[in-house]
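Structural characterization, general
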Amino acid sequence: KQWYQRRVRGKQMVDTLCRARAALKTRPEFYKLFIRILHFHLKETPSDFFVDIVSRDNFLVSCLGEFFRTLCDEGEGLEESLVSRGTKFKGHLEKHFDWEFIDSEEDLPVVVELPA
């Protein structure tokens, strides 16, 4: 039970950090360290560890996708070394885990509701 609670808290923390747009501008050193820690944790993970047989989707792709979109969207207002590190990390994840991240919200699918 404690293991599960720690896992849930860890996921919540990663989700919060990946979606904290304003903090990227005010805490670039923290986020460079965050990327570094994630990189080394994921480096030890087999490339097929996160594969969902049904959808090939997982929690980290969603969170990190938002993080990378923010880096792309806010790039000019962010520290250059943070954007560079984030871009390299994204490339590594795409290559190692065969993940695909959408670079901007313009590339996201659009849901159209048709009249009944």
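Structure shown above.
In short, a report on the structure. (Residues numbered from 1 in each chain as written. Predicted model: local features only at pLDDT ≥ 70, side-chain atom pairs only at ≥ 80, totals over all residues. Heavy atoms only, no water.)

Right, let's talk about helix α3 (residues 28-43) for a bit. A rise of 1.5 Å per residue sets the reference length of α3, with its 16 residues, at 22 Å; its end C-alpha atoms lie 22 Å apart and thus fit the reference within 8%. If you follow the buried residues of α3, they end up packed against α1 (2-19), α2 (21-26), α4 (59-73) and α5 (80-97). (Helix = DSSP H or I, 4+ residues; strand = E, 2+ residues; numbered from the N terminus. Expected span 1.5 Å × (residues − 1). Contact = heavy atoms within 4.5 Å.)

When two helices pack together, their arrangement is captured by the angle between the axes and the distance separating the axes. In contact at an axis separation of 10 Å, α4 and α5 are set at 140 degrees when each is read in the N-to-C sense. Considering the angle they form, α4 stands oblique to α5. You can see that α4 and α5 cross each other, and the crossing is left-handed. On α5, the residues touching L64, F68 and L71 of α4 are L82, V83, G86, F89, K90 and L93. (Axes fitted to C-alpha atoms, helices over the stretch in contact; angles between N-to-C directions. Parallel < 35°, antiparallel > 145°, perpendicular 65-115°, else oblique. Left-handed = near helix turned anticlockwise from the far one by under 90°.)

Its boundaries defined by the atoms lining it, the largest pocket holds a volume of some 600 Å³. V14, L38, L42, F50 and L60 are, among the 18 residues lining the largest pocket, the residues nearest its centre. Among the elements of the structure, α1, α3 and α4 are those that each provide at least two residues to the lining of the largest pocket. It is α3 that provides the largest number of residues to the lining of the largest pocket, a total of seven residues. Here the residues of the lining of the largest pocket are counted per class, giving twelve nonpolar, four polar and two charged. (1 Å grid on protein atoms, 1.4 Å probe; cavity = no way out; pocket = protein on both sides within 12 Å on 5 of 7 lines; lining within 4 Å. Points joined across faces, edges and corners; volume = space filled by probe spheres on them. Nonpolar A, V, L, I, M, F, W, Y, C, P; charged D, E, K, R; others polar.)

Pairing is possible between side chains of opposite charge, provided their charged atoms come close. Taken as a whole and assessed by the stated rule, the structure comprises nine salt bridges. Residue R19 pairs with D15 through a salt bridge whose shortest N-O separation is 2.5 Å. Taken together, the residues span about one helical turn, with R19 and D15 both in helix α1 at a distance of four residues. Residue class for R19 comes out partly exposed when judged on its relative accessible area of 37%. Three or more residues joined by partner-sharing salt bridges are found here, namely D15, R19, R21, K25, E66, R69, D73 and E74. (Salt bridge = Lys/Arg side-chain N within 4 Å of Asp/Glu carboxyl O. Buried < 20%, exposed > 50% of the residue type's maximum accessible area, 1.4 Å probe, protein only.)

Take α1 next. In this model, α1 (18 residues) spans 26 Å end to end at C-alpha, consistent with the 26 Å of a helix rising 1.5 Å per residue. Among all positions of α1, only V14, L17 and C18 are buried. For α1, the angular spread of buried residues about the axis comes to 95 degrees, placing them on one side. Those residues of α1 that are exposed and angled more than 90 degrees off the buried face are Q2, Y4, R9 and T16. On its buried face, α1 is in contact with α3 and α4. (Arc of directions from axis to C-beta.)

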